Amino acid sequence: MLTEADRAHFYELAGLQRISAVNSSTNKVFDVFTFEESSEELLSALATNLISPAPTSPPTPPRTHLNLEIISNHFKYKISPSPSPPQIPSTSQNILIFLHGAGETTPDNNFYKLGVKMNLPNTTILSLLAPHHLPFELGQAWYHEMDYTTGDQLPNSSSVKISSLKASIAAIHTFITDVLKPSYSSENMFLFGFSSGATVAMEVAKTISPRLGGCICVCGGCLLIENASKSKSEKSKTPVLQFVGGRDAHFRKTVEAKKSQQLYNGESGKKESFKLRLMEGKGHEMVGAESEMKELFVFMGKNLANSTEKMESMFSKVN
């Protein structure tokens, strides 16, 4: 049982306002609370206080500096914390890489801003801009999803779709190996993708070795049948958290999401490293509700390096 002081401290950390209310049927006084901030800011406050760096365990020094000039040779990017010299020692032990959906024009986008607001401890935020140009100045994409002459969606069997997707998967593989691995251990790297960015993220997580720390996919997932893991043990698979909108007509839970899970798990069919979270009432859109952000932080809390508090235990006490 939480004491009254515990509850007051939690409300203060979370930015919540306490209100006393009366149940009209029982005349019993009880506590309710309202959000004074948006859910993103609320969960940012929770992350700051519930996943805190261990005071007695400083981050492991990186093997080499993170070279920003080399990053720019691969992708346009936005990074936080934002350093000034081209070569910087990585002060964080973890890195969270955001892969946007089709149509973004800059890496300084809402996905990057969400990553910064999450305020994860000991974690660098890196947002990458997709390499493929869409026609009519519609932005960037990770692969080609439609026939631009007719406007029709390309089937998953389309050679144009497959070849452009494979090119982006290979580019991220090379980027991780050549740019990030000298500074970060594989288990300290995390991918966060939305829509087509989620497809690329899960395909990379499916094929990369050694495994990454985790992969968060929102409204997207695996498309390619080849390279599905046939022999990987659950321990060697990158943990995946997939969010699917209950009203998403583009990426449906019972069709595309189910297929992506099958492709990721391979012939073993084991699901220990894969968790699907349904976003009730939502379409093809980003996470943002309190319950969704809690799920995201619990996932990160389990897999982030140098995290002293496990969020699920704190939430179980409060709820």
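Residues numbered from 1 in each chain as written. Predicted model: local features only at pLDDT ≥ 70, side-chain atom pairs only at ≥ 80, totals over all residues. Heavy atoms only, no water.

(A) Representation of the overall build of the protein. Each helix and strand in the protein was counted, giving nine helices and 13 strands. For the protein, the proportion of contacts with a sequence separation of at least 24, taken over those separated by at least 6, is 69%. If you sum the accessible surface of the protein, you get close to 15300 Å²; carbon and sulfur atoms cover 52% of it. (Helix = DSSP H or I, 4+ residues; strand = E, 2+ residues; numbered from the N terminus. Contact = heavy atoms within 4.5 Å. Areas by Shrake-Rupley, 256 points an atom, 1.4 Å probe, with all protein chains shown as cover.)

(B) Highlighting the nonpolar core. Core analysis: the largest hydrophobic core is formed by 39 residues, its most contacted members being Leu128, Trp142, Ile172 and Leu180. Those elements giving two or more residues to this core turn out to be α3 (68-74), β6 (94-99), β7 (123-128), α5 (159-180), β10 (189-194), α6 (196-207), β11 (214-218) and α7 (253-265). Looking at this core element by element, the count peaks at seven residues for α5. Dropping the residues within four chain positions of it, isoleucine 172 is found in contact with Phe75, Leu99, Leu128, Trp142, Val200 and Val204. In terms of nonpolar packing, the next biggest core, distinct from the first, is built from 25 residues, Phe111, Phe192, Met286 and Met293 among them. (Core = buried A, V, L, I, M, F, W, Y, C linked by side-chain atoms within 4.5 Å. Buried < 20%, exposed > 50% of the residue type's maximum accessible area, 1.4 Å probe, protein only.)

(C) Local environment of the packing of α5 against α6. It is the contact of α5 with α6, at a shortest axis distance of 9 Å, that shows an interaxial angle of 60 degrees. By the criterion of interaxial angle, the relationship of α5 to α6 is oblique. As α5 packs across α6, the resulting crossing turns out to be right-handed. Of the residues in α6, those in contact with Leu165, Ser168, Ile169, Ile172, His173 and Ile176 of α5 are Thr199, Val200, Glu203, Val204 and Thr207. A per-class count over the contact of α5 with α6 returns six nonpolar, four polar and one charged. (Axes fitted to C-alpha atoms, helices over the stretch in contact; angles between N-to-C directions. Parallel < 35°, antiparallel > 145°, perpendicular 65-115°, else oblique. Left-handed = near helix turned anticlockwise from the far one by under 90°. Nonpolar A, V, L, I, M, F, W, Y, C, P; charged D, E, K, R; others polar.)

(D) Inspection of the sheet that holds strand β4 (residues 77-80) at higher detail. Strand order in the open sheet formed by seven strands is β4-β7-β6-β10-β11-β12-β13, with mixed pairing between adjacent strands. This sheet does not close on itself; its edge strands, each paired only once, are β4 and β13 (274-279). Strand after strand, the sheet turns through a mean of 15 degrees between neighbouring axes, direction not considered. Here six bridges tie β6 to β7, and the two strands are oriented parallel to one another. Opposite leucine 96, over in β7, you have isoleucine 125 as the bridge partner. α7 rests against β12 (240-245) and β13 of the sheet, and its axis sits at about 165 degrees to β13. Sheet contacts for helix α8 (residues 290-303): β6, β10, β11, β12 and β13; angle to β12, the most-contacted strand, approximately 170 degrees. (Pairing = 2+ DSSP bridges.)

(E) Molecular detail of the pattern of salt bridges. Here the structure, examined in full by the defined rule, presents six salt bridges. Of the charged contacts in the structure, one is a salt bridge between lysine 294 and glutamate 290, with a shortest N-O distance of 3.2 Å. Remark: glutamate 290 and lysine 294 occur in helix α8; sequence separation between them is four residues, near one turn of the helix. Residue classification places lysine 294 among the buried positions, given a relative accessible area of 18%. The exposure class assigned to glutamate 290 is partly exposed, which follows from its relative accessible area of 25%. One salt-bridge network, in which partners are shared between bridges, spans Lys275, Arg277 and Glu295. (Salt bridge = Lys/Arg side-chain N within 4 Å of Asp/Glu carboxyl O.)

(F) Summary view of the pairing of β6. Judged by how many residues are buried, β6 sits mostly within the fold: six of six residues are covered. At this point the chain moves from β6, through helix α4 (residues 110-118), to the parallel β7, and the crossover so formed is right-handed. Both β6 and β10 contribute to a ladder of five bridges, which runs parallel. Of the residues in β10, the one forming a bridge with isoleucine 97 is leucine 191. (Right-handed = clockwise from strand over helix to strand, strands pointing away.)

(G) Highlighting the packing of aromatic side chains. Under the counting rule described, the total for this entry stands at five aromatic pairs. Ring centres of phenylalanine 75 and phenylalanine 175 lie 5.4 Å apart, and the angle between their planes is 85 degrees; this geometry places the pair in the edge-to-face category. With phenylalanine 75 in the loop between α3 and β4 and phenylalanine 175 in helix α5, the pair connects residues that are 100 residues apart, well separated along the chain. On the accessibility criterion, phenylalanine 75 (5% relative accessible area) is buried. Residue classification places phenylalanine 175 among the buried residues on the basis of a relative accessible area of 1%. Judged by centre distance (4.8 Å) and plane angle (25 degrees), the rings of phenylalanine 98 and phenylalanine 192 are stacked. In this pair, phenylalanine 98 is assigned in strand β6 and phenylalanine 192 in strand β10, connecting sequence segments 94 residues apart. On the accessibility criterion, phenylalanine 192 (1% relative accessible area) is buried. Ring-pair connections join several aromatic residues into one group, and the members of that group are Phe75, Trp142 and Phe175. (Phe/Tyr/Trp six-rings, centres within 6.5 Å; stacked < 30°, edge-to-face > 60°.)

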